[in-house]
Amino acid sequence: MSSSERESAGISSRSRFEHTAEDSGNPKRNADLSVENQNWIRWFRQTSPYINANRGKRLVIALSGDALDHENLIDIVHDVAMLNSLGVKIVLVFGARPQINRALHQAGIDDQVCGKLRVTSARAMPHVLQAAGGLRCQLEALLSAGMANSPMHGASIKVISGNFVMSRPVGVLDGVDYGFTGRVRKVDAHAIQQFLDQQAIVLLPSIGYSLTGEAFNLSYEDVAASVASAIGAHKLIMFSEQGGILDGNGDLIRELSLARAQRLLAQVEGVSPQDALDPECRDLLAFICTACHQGVDRSYVLSFQHEGALLQEMFTRDGLGTMISAQDYEQIRPAKLTDIGGISELLRPLEEQGILIRRSRELLEMEIDKFTVDERDGGIIGCAALYPYPSERIGELACFAVSSRYRRHGRGDTLLQIIEDKARRLKLNRIFALTTQTEHWFRERGFVPASINELPESKRAAYNNQRNSKLFIKML
Ligand SMILES: CC(C)(COP(=O)(O)OP(=O)(O)OC[C@H]1O[C@@H](n2cnc3c(N)ncnc32)[C@H](O)[C@@H]1OP(=O)(O)O)[C@@H](O)C(=O)NCCC(=O)NCCS
């Protein structure tokens with residue numbers, strides 16, 4: 001980027017990676033900068049698969065009222081703006097509980113909460129609307145920022161808000177009239193989608209409108225989950241105070257399948273704390289489960305206090321908080337001895353076609369710790385093995401297969417990534433594959449052809465010339 005381009009983009013004329021006459025007199029600093037530079041380039045390149053994977057995806061982000069009060073809000077807004085520039089379609093839902101509490105307190109109105117639901121009286125409702133309206137303006141202002149030298153420079157985001165959420169009153173429950181407290185009745189997904197297609201961010205307060213022409217006070221969790229279901233969001237991200245779903249001991253649950261989430265919600269008494277659910281998380285999880293049932297694949301509960309949580313969730317595989325996955329019947333995990341039957345069944349047809357080398361059951365038993373399997377509904381539908389040669393810092397990817405019924409859905413890619421991570425943990429810096437019919441699959445994933453002489457010594461000795469497999473190596 002030239003200096004004039006940089007200036008017009010609002011980037012400081014001396015970036016972190018530029019050398020000046022002053023720097024060039026300092027060889028140590030030059031060396032440091034070049035390492036930093038290289039790391040940055042590597043990091044930036046590694047983000048492209050995530051950028052590609054997220055482009056055009058529909059994302060619902062829900063911010064609790066506490067998140068809006070928190071100092072991290074500005075960073076979250078910057079991250080939302082960045083996702084928008086990268087082509088992610090975003091609906092931003094926000095709550096206003098603490099702000100409403102303060103407004104009611106100042107107005108001297110009793111804040112009536114029954115169970116977990118606020119009773120919204122006719123006297124309280126104007127304050128609810130004022131709080132939600134004020135927050136909406138605050139978020140619109142933040143999303144409109146564009147100062148030079150700020151992450152928002154050049155973002156030029158369009159923000160749309162409107163009557164997209166129809167509601168109905170909660171009514172009278174156990175003799176208590178909840179007044180203007182409502183529930184989501186319907187979401188105008190078509191209208192939201194139209195604005196998302198124009199790359200606008202759709203901003204929704206936890207306020208809904210009824211056919212009688214009234215406004216209702218909704219829970220932001222209800223709005224977020226209902227909107228996510230209605231627009232078929234790929235991901236629903238809830239920023240909450242707990243920073244995740246906690247078990248009965250208060251420990252963070254990192255991953256939950258829909259089935260387990262429902263089991264946790266169904267449990268009442270007599271279970272151990274780690275098999276129970278923190279009561280504060282119950283409602284949140286119930287809304288998320290509804291969204292999962294209605295087609296949202298993945299939901300996340302993240303802490304708004306954790307700097308960069310949103311980016312980490314979207315651009316790395318090491319997310320934070322809790323992930324709730326609708327596809328609970330599939331998991332990729334290290335193999336166990338009981339998987340041998342399933343692995344043999346998967347590999348046998350490929351061995352018969354000469355695509356894979358035959359391995360006896362005994363050998364599989366001995367080498368089971370090398371295997372990773374993809375289990376779906378109790379059956380093995382994919383597997384891969386890593387045979388390390390630690391002294392040469394290289395590993396072999398072998399027995400790599402996905403059942404023909406389940407191919408072309410990225411399972412091969414996922415297995416490969418897991419094998420690469422395993423190899424990195426073992427401090428290997430290359431992996432190789434020997435193949436007769438899958439050359440292009442490997443080449444498209446960064447493997448390069450190599451001479452058989454580059455095989456580890458013991459493997460070279462065992463190389464079967466008749467089979468004439470080709471060798472491909474990938475640097476990690
Ligand atoms: C290779 C294999 C594991 C990939 O599994 P997968 O879950 O389908 O992989 P992905 O979904 O990540 O990738 C699918 C892509 O790979 C392509 N692909 C599949 N087999 C291929 C091959 N032999 N050569 C080139 N590309 C191939 C598919 O066409 C698809 O691309 P497209 O959707 O763009 O057309 C699977 O095809 C398989 O089990 N093949 C037989 C066993 C094998 O060859 N193993 C490797 C021996 S070393």
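For clarity, every value in this text was computed on a predicted model and none was experimentally measured.

J.: Got a minute to help me understand the site of the ligand in this structure?
T.: In the neighbourhood of the ligand, 21 residues make up the surrounding shell, with Phe-400, Val-402, Arg-408, Gly-410 and Thr-438 lying closest. Between an oxygen atom of the ligand and a side-chain N or O atom of Thr-438, the distance comes to 2.6 Å. One of the side-chain nitrogen or oxygen atoms of Trp-441 is found 3.1 Å away from an oxygen atom of the ligand. Contact with the protein chains hides 75% of the accessible area of the ligand, taken as 900 Å² for the molecule alone. At the level of secondary structure, the elements contributing two or more residues to the shell around the ligand comprise β22 (394-402), α15 (411-425), β23 (430-435) and α16 (439-443). The residue makeup of the shell around the ligand, split by class, is nine nonpolar, seven polar and five charged.

J.: So what exactly am I meant to see when it comes to a nonpolar patch on the surface here?
T.: A cluster of nonpolar side chains, contributed by Trp-40, Ile-41, Trp-43 and Phe-44, occupies part of the molecular surface with about 400 Å² of accessible area. According to the relative accessible area criterion, Phe-44 is partly exposed, its value standing at 45%.

J.: Can you walk me through the packing of helix α8 (residues 189-197) against helix α9 (residues 220-231) in this structure?
T.: Helix-helix packing: each pair is described by the crossing angle between the helix axes and the interaxial distance. The contact between α8 and α9 brings their axes to 9 Å, and the two run at 80°. Here α8 is positioned roughly perpendicular relative to α9, judged by the angle of their axes. Residues Ala-189, Ile-192, Gln-193 and Leu-196 of α8 touch α9, and the partners they reach there are Val-227, Ala-230 and Ile-231.

J.: Looking at this structure, how should I read unusual backbone geometry?
T.: A positive phi angle, close to 70°, is found at Gln-199, a residue other than glycine. Position of Gln-199 relative to the elements: it lies in the loop between α8 and β10 (201-205). A relative accessible area of 28% means that Gln-199 is categorised as partly exposed. A positive phi angle, close to 60°, is found at Asn-468, a residue other than glycine. With respect to the secondary-structure elements, Asn-468 resides in the loop between α17 (457-462) and β25 (470-475).

The rules we used
Residues numbered from 1 in each chain as written. Predicted model: local features only at pLDDT ≥ 70, side-chain atom pairs only at ≥ 80, totals over all residues. Heavy atoms only, no water. Near = heavy atom within 4 Å. Polar contact = N/O pair within 3.5 Å; in protein donor to acceptor, adjacent residues only side chain to side chain. Areas by Shrake-Rupley, 256 points an atom, 1.4 Å probe, with all protein chains shown as cover. Helix = DSSP H or I, 4+ residues; strand = E, 2+ residues; numbered from the N terminus. Nonpolar A, V, L, I, M, F, W, Y, C, P; charged D, E, K, R; others polar. Patch = residues over 30% accessible without salt bridge, like charges linked within 9 Å, V, L, I, M, F, W, Y side chains within 5 Å. Salt bridge = Lys/Arg side-chain N within 4 Å of Asp/Glu carboxyl O. Buried < 20%, exposed > 50% of the residue type's maximum accessible area, 1.4 Å probe, protein only. Axes fitted to C-alpha atoms, helices over the stretch in contact; angles between N-to-C directions. Parallel < 35°, antiparallel > 145°, perpendicular 65-115°, else oblique. Contact = heavy atoms within 4.5 Å.

Everything listed here is a matter of geometry and, on its own, says nothing about what the molecule does.
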